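Structure at a glance
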Amino acid sequence: MPRTVDLTAVTPYADHLGDGLVQLSFTLPVPYSLAARKAALELAGKMGFEEPEVVHYQQLTDGYTYFVMYGRCVQTVDFTALQGEGFDIEYMGEEEIESFAAEHLGRRIVVVGASTGSDTHSVGIDAMLNLKGYHGHHGLEGYRSFQTYNLGSQVPNSVLVAKAIEVGADAILVSQTVTQQNLHVHNLTELVEMVEAEGKRGEIILACGGPRVSSELAKELGYDAGFSKGTYPHHLATFIVRELAARVATAG
Amino acid sequence: MSGSKLDLDPGVVAACRQAARQIAEQVTDQIAGRTTLSVERSVTRLLGVDGADSLDVPLPNVLVDHVHERGGLGHGIAYWLGNTMLQTGRSPQEIADSVSAGEIVLTEIDLADDRAIHDRVAEECAARLKEISGRFDERRAMRERLGEGPPPLRYVLTATGDVYEDVVHAKAVAEAGGDIIAVIRSTAQSLLDYVPYGPTTEGYGGTFATQANFRIMREAMDEWSEKHGRYVRLSSFCSGLCMSEIASMGAWEGFDNMVNDALYGILYRDINIVRGLIDQRVSRMINGYFGVVINTGEDNYLRTADAIEAAPSVTASQFINHQLARESGVPDGQIALGDAFEIDVPVRNGLLYEWAQAQLTRELFPDCPIKYMPPTRHMDGNLFRTHASDTLFNLVTIATGQGVQTIGVPTEGIFTPHIHDRVLGLQNVDYVFNAAHDLGEEIEFKRGGIIQTRAQEVLAAAHVLLERIAQTGLFEAIEQATFGDVSRGVEDGRGIEGIVTTEEGYFNPVVDLMREATYA
Ligand code: B12
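Here's a quick rundown of the structure.

1. Remarks on the coordination of the cobalt atom of the ligand
On the protein, H121(A) (NE2) is the one donor atom to the cobalt atom of the ligand, at 2.2 Å. Following the sequence through the fold, H121(A) ends up in the loop between strand 4 (109-115) and helix 3 (123-129).

2. Digging into the sheet that holds strand 4 of chain A
All names here are of chain A. A sheet is described by the order of its strands in space; here five strands give the open sequence 5-4-6-7-8, paired in parallel fashion. Either end of the sheet is taken by a strand with one partner, and the two such strands are strand 5 (146-150) and strand 8 (225-227). Geometrically, the sheet is characterised by an average inter-axis angle of 20° between neighbouring strands, direction not taken into account. As defined by bridge partners, strand 7 (residues 205-209) adjoins strand 8 across three bridges and the pair is classed as parallel. Opposite A207, over in strand 8, you have A225 as the bridge partner.

3. Some thoughts on the packing of helix 4 (residues 157-166) of chain A against helix 5 (residues 183-197) of chain A
Residue and element names in this part refer to chain A. Where helix 4 contacts helix 5, the two axes come as close as 10 Å, and the packing angle between them is 40°. Judged by the inter-axis angle, helix 4 sits oblique to helix 5. Where helix 4 crosses over helix 5, the handedness of that crossing is right-handed. Between helix 4 and helix 5, the contacting residues are N157, S158, L160 and V161 on the first element and N187, E190, L191, M194 and V195 on the second. Residues of the contact of helix 4 with helix 5, tallied by class, amount to five nonpolar, three polar and one charged.

4. Overview of empty space enclosed by the protein
Unfilled space is identified by rolling a water-sized probe across the atoms. Residue and element names in this part refer to chain B. Counting across every chain of the model gives four cavities of 30 Å³ or more. Its boundaries defined by the atoms lining it, the largest cavity holds a volume of some 80 Å³. L302, A307, A311, V314, D339, A340, I343, Y353, E354, Q357 and R454 together form the lining of the largest cavity. Those elements that provide at least two residues to the lining of the largest cavity are helix 13 (311-327), strand 8 (338-340) and helix 14 (350-364). The element best represented in the lining of the largest cavity is helix 14, accounting for three residues.

5. A closer look at the interface of chain A and chain B
Between chain A and chain B, the contact holds 20 residues from the first and 31 residues from the second. Both sides of the chain A and chain B interface together cover about 2000 Å² of buried area, and 50% of this is carbon and sulfur. When the area that chain A buries against chain B is broken down by residue, the three leading residues are L60(A), Q154(A) and Q180(A), summing to 28%. Taken together, the links from chain A to chain B amount to one salt bridge. The partner of K227(B) in a salt bridge is D62(A), and the shortest N-O contact between them spans 3.5 Å. Between the two partners, chain A and chain B, sit 13 residue pairs in polar contact (both at pLDDT 80 or more). Looking at the side of chain A that touches chain B, the elements with two or more residues in it are strand 1 (21-28), strand 2 (49-61) and strand 3 (64-73) of chain A. Among the elements that make up the side of chain A that touches chain B, the one with the highest residue count is strand 2 of chain A (four residues). For the side of chain A that touches chain B, a count of residues per class yields seven nonpolar, ten polar and three charged.

Conventions used here
In every chain, residue numbers begin from 1 and rise along the written sequence. Chain labels run from A onward and ligand labels from 1 onward, assigned in the order the entries are written. Per-residue local features of the predicted model are confined to residues with pLDDT of at least 70, and side-chain atom pairs are confined, for both listing and counting, to 80 or more; whole-chain, interface and lining totals are unaffected and use all residues. To obtain the side-chain values, all non-hydrogen atoms of the structure were included, while hydrogens and water were left out. Think of the donor list as every N, O and S atom within 2.8 Å of the metal, or within 3.2 Å for Na, K and Ca; water never makes the list, so a site can look incomplete. Helix and strand assignments come from DSSP, with helices taken as H or I runs of at least 4 residues and strands as E runs of at least 2, each series counted from the N terminus. In this scheme, strands are said to pair when DSSP sees at least two bridges between them. Note on geometry: axes are C-alpha line fits, over the in-contact stretch for helices, and angles between N-to-C directions span 0 to 180 degrees. By definition in this entry, angles of less than 35 degrees are roughly parallel, angles greater than 145 are roughly antiparallel, angles of 65 to 115 are roughly perpendicular, and the rest are oblique. Two helices crossing with the near one rotated counterclockwise from the far one by less than a right angle form a left-handed crossing, whereas a clockwise rotation gives a right-handed crossing. Whether two residues are in contact is decided by their heavy atoms: any pair within 4.5 Å suffices. We call Asp, Glu, Lys and Arg charged. Ala, Val, Leu, Ile, Met, Phe, Trp, Tyr, Cys and Pro are nonpolar, and the rest, Gly among them, are polar. Cavities and pockets were defined on a 1 Å grid built from protein atoms only: a cavity is a group of points that admits a 1.4 Å probe but offers it no way out, a pocket is an open group of points flanked by protein on both sides within 12 Å along at least five of seven lines, and a lining residue is one with an atom within 4 Å of any such point. Grid points are joined across faces, edges and corners, and a volume is the space filled by probe spheres set on the points. The term buried area means the drop in 1.4 Å probe accessible area that two parts suffer when joined, counted for both and summed. By convention in these notes, a salt bridge is any Lys or Arg side-chain nitrogen within 4 Å of a carboxyl oxygen on Asp or Glu. For the purposes of these results, a polar contact is taken to be a pair of N or O atoms within 3.5 Å, where, inside protein, one atom must be able to donate a hydrogen and its partner to accept one; residues adjacent in sequence count only when each atom of the pair is a side-chain atom.

The following block contains the structure:
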């Protein structure tokens, strides 16, 4: 009889249901030695892994040792409690978005976007905004219902905010790629603060994106939404038109 | 072409070189009669000026801005320094200190005879260049004594943002067989019109290129090299608004390689075209003079343009960059032209197209080392897939005999590599280079097959492109988004205000002495 998954207590699956096997790899700043191996095993134990096993370890340079390990995870999560957490959003297609916008808003939506700070990565924001778009989906520039301004990359937050105010933007779109030492967190936070200082936070939708941006992070930093890898322009557009329509509805 | 595995038409190749020469000559004419703030600052650096004032403004900036604000830079900083040296007997460093302290105004000092000024500063400059050359001679001797790995040299980036962490990562790289360690620069540095001073521990996606950081890395790697009996090279980036200054700093600190390509700054940091190309000329001249290997950045185009469609622009750019480097006095053996393995993973026969392109570059520039870059653009969070792509990349590298290979790391699509990621990358390289060591010697391509046909097509398209650029000029081509699908106008971009028109009597002893040496 095949066993069925208990979705209220899910644990990793490797070979058999419920085995909980996890692969991990890391470096410890200790010399390559049997003691190093012991240290790795002990650490994995403290992480909560049962039967931790070092399958490979080697010296990287004097005083640094790299490990590949396996361990059995004994924690579980209740998957049934997590439904409706994102993946299930139904996105509209381009035409659907156009007619939704025409019906609910009846005007062009103004969006201003940029890759900010010293970040020169523009492919992500271009994918969202430029006509060419991404993987055959055109960007918001190609939508009748959107008026877009793409300021490009390396744009100071102050310039982006000023432009948004100047053109009466409905939404500010920020892209951030360089994340080392949390540079993106710093940049994204600064933008929110600027918009707040201008007294515009209530009027303008703030959305950010980038390979290491998540919707959790975005919300934590004060954005209305965050988008990561695999985002297409119509995902963003769906969010914007729905959000604006909701705002119109509550205002009206 | 004799010995060509790709059956290339020598007539087309010759026509490409001819067009590239014409393009490079036009560029030379278009940038003539001008200098830049950073070129002048690099003159002061090569004359031995270093340090920063109490506000952390580097003294080369203090000095050059001082003269520029007084409208004197059209004569060149060397002119004013030479005069002050003559009239006050102070050294360039002492003069910089005095200017910084507000004790003297260079443009108000009595002017000596032009000839005497030139002679004084040229003499000083020659002495400094000799001093640096002497250090490079010692370094070459050390390299020969210790020996280094055979090509393809394994080029590895460190980019923690903290120079002391970079040292640890660099040692791990050396231990795993890395031959060249590149201190990659922090994100914000390209746009700074000065080079920060002192050791730094905070950078993003890279570590600031400062002279102190260079020294720290150099000392650590020299120590490692002596201890382990294998010479490890160092590299950094002559790019952004301070190309020639970084070349000067690298010269003082004995850096062996330098990425040196203005197009990168122009296309991806929005640096003005003219500014970039003037800075590049002098910066390549400095690298060339001291025997430093330069790397060009054609690989970058494939990060914003499609690798299959844009292949001819890479080849065309290699021809142009080759000529521009030669015009700066860099010999072929020091020109590592850029190339990359960037075809999207699902493309059927992608490996064959990569092979064709890599072999093509090799055959077109047989005396240049070639710097071959790993897949990055289409790499994502699936680090195991990236590792697999890198294996194919390593295979093409060894089979086509590239001179320098930037190693791929499994986490390329995620973050700047962690200490063990580079080691995993290097182990992959070891495995493939050893297992396929003589594969290149064994291989001939099928006549009219996919690889030959692809290479011939790319070459033919590059030829068409080069002829077009020879008509319009390089600036117009850049404006038409020929490279990397990015368009930049000649009147736009950062650093344009730092271009200075030279006046009658302009004098740059660095350029003069280096040119003399090259054409002597
Ligand atoms: C292309 C590229 C470059 C090009 C950029 C050219 C350009 N005009 O954009 C060049 C060569 C210039 C470059 C430079 C550098 N790069 Co780079 N680069 C990349 C590369 C290869 C691909 C990035 C990319 O274009 N992806 C494709 C786009 C479509 O994906 P995306 O950005 O994730 O966008 C999608 C989503 O995230 C989302 N999205 C993104 N933005 C937004 C915004 C909104 C509003 C929404 C809704 C959605 C959204 O939608 C998009 C479509 O699905 C990556 C490696 C990789 N494979 O990821 C490294 C990488 C991003 N670069 C990196 C680094 C470190 C740099 C440099 C700092 C290196 C240096 N020290 O010089 C410099 C940057 C300097 C600077 N000032 O920023 C690191 C970043 C590490 C980190 N996490 O901090 C990476 C990961 C490489 C690495 N492993 O080291 N780079």
